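If you want the building blocks of each chain, they are given just below.
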Amino acid sequence: MTLAEILASLFPQGHAVAVREGLVTGTGPFGDGPMHVVGVDGDTPLGVDGALVLSRAVLNAVRAGDRAPILVAVDSDSQRMSRRDELLGLNECLAHLAKALLLADRSGHPTIGLIYGHSAAGAFIATALATRVLAALPGANPSVMDLPSVARVTKLPLDTLEEMAKSTPVFAPGLDNMVAAGAVHVVLDPDRPLGGQIRAVIDTMEAEDVRDRLGAERGGRPVAHTVAAAVADQARLG
């Protein structure tokens with residue numbers, strides 16, 4: 001689905017969501033109140049300027065005090081690979097965006113990521129993975145790092161990594177692996193209205209982060225929940 005199709009399905013009565021230079025901001029009617037929408041469209045790389053624009057939109061939603069849902073729609077490239085962005089502190093700006101989304105969540109806004117295209121690396125982490133739950137549409141292609149990049153970093157042969165990826169979803173790219181690892185909570189049905197499906201995601205949203213549990217249940221992270229429980233027990237014991 002394109003962003004225009006997604007917005008039409010979510011807001012059949014119209015909306016005030018705009019896309020400027022690949023950055024998505026605005027609102028639409030959702031139930032008895034608004035839904036705030038931010039995101040990246042058109043496989044656009046996310047740089048310093050874009051991260052700050054999206055952060056401002058999220059913080060303005062928090063300042064509004066309406067506790068309305070915030071949808072983060074994602075079809076991005078990775079972070080913008082330019083000297084300017086690196087010198088201006090791209091890592092800090094991406095972290096600022098992720099923290100703005102975490103603040104929104106802590107302030108009572110349900111935060112829902114929706115990946116419908118590509119996304120990778122820092123842009124994926126600072127947008128889709130920074131929300132409380134992440135939904136996807138068929139055809140989405142997320143990755144934290146693609147396998148050729150993993151090969152360059154680890155010095156392992158690409159064919160070895162491709163073989164490992166068949167049984168180790170936790171680092172492998174692609175929608176199916178992200179679902180198995182628990183990073184993607186649910187894949188939506190594009191043939192049904194998205195508003196009701198997103199409402200169901202919000203209504204079943206749990207108070208804590210359950211990605212480790214989902215990954216364990218789906219076979220993609222067999223020890224994650226056990227490790228998380230051990231860390232929590234250690235923290236309680238001081």
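Before reading further, recall that the structure is shown in the block above.
Residues numbered from 1 in each chain as written. Predicted model: local features only at pLDDT ≥ 70, side-chain atom pairs only at ≥ 80, totals over all residues. Heavy atoms only, no water.

## Some points on the nonpolar core
General note: in soluble globular proteins, nonpolar side chains tend to be found buried as a group. Under the convention used in this document: Among the buried residues, those of types Ala, Val, Leu, Ile, Met, Phe, Trp, Tyr and Cys that are joined through side-chain atoms within 4.5 Å form a nonpolar core. Any residue under 20% of the maximum accessible area for its type is buried, any over 50% is exposed, and the rest in between are partly exposed; the area is computed with a 1.4 Å probe on protein chains only. Only DSSP runs of H or I with at least four residues qualify as helices, and only runs of E with at least two residues qualify as strands; both kinds are numbered from the N terminus onward.
Residues L46, L54, V58 and I70 are the most contacted members of the largest nonpolar core, which totals 35 residues. Counting only elements with at least two residues in this core, the list comes to β3 (33-46), α2 (48-64), β4 (70-79), α4 (90-106), α5 (121-126), β7 (133-136) and α8 (175-180). In terms of residues, this core owes the most to one element, α4, which gives eight residues. One finds I6, V17, Y116 and I198 within the second-largest nonpolar core, a separate group that totals 23 residues.

## A look at the pattern of salt bridges
Threshold: Between Lys or Arg on one side and Asp or Glu on the other, a salt bridge is scored when a side-chain nitrogen of the former is within 4 Å of a carboxyl oxygen of the latter.
In this structure the tally under the stated criterion is six salt bridges. Here R132 and D105 are joined by a salt bridge, their closest N and O atoms 2.7 Å apart. Here the residue R132 occupies a position in the loop between α5 and β7, and D105 occupies one in helix α4, the gap between them amounting to 27 residues. Relative accessible area serves as the criterion here: at 17%, R132 is assigned to the buried category. Across the salt bridge formed by E206 and R213, the nearest N and O atoms sit 2.8 Å from each other.

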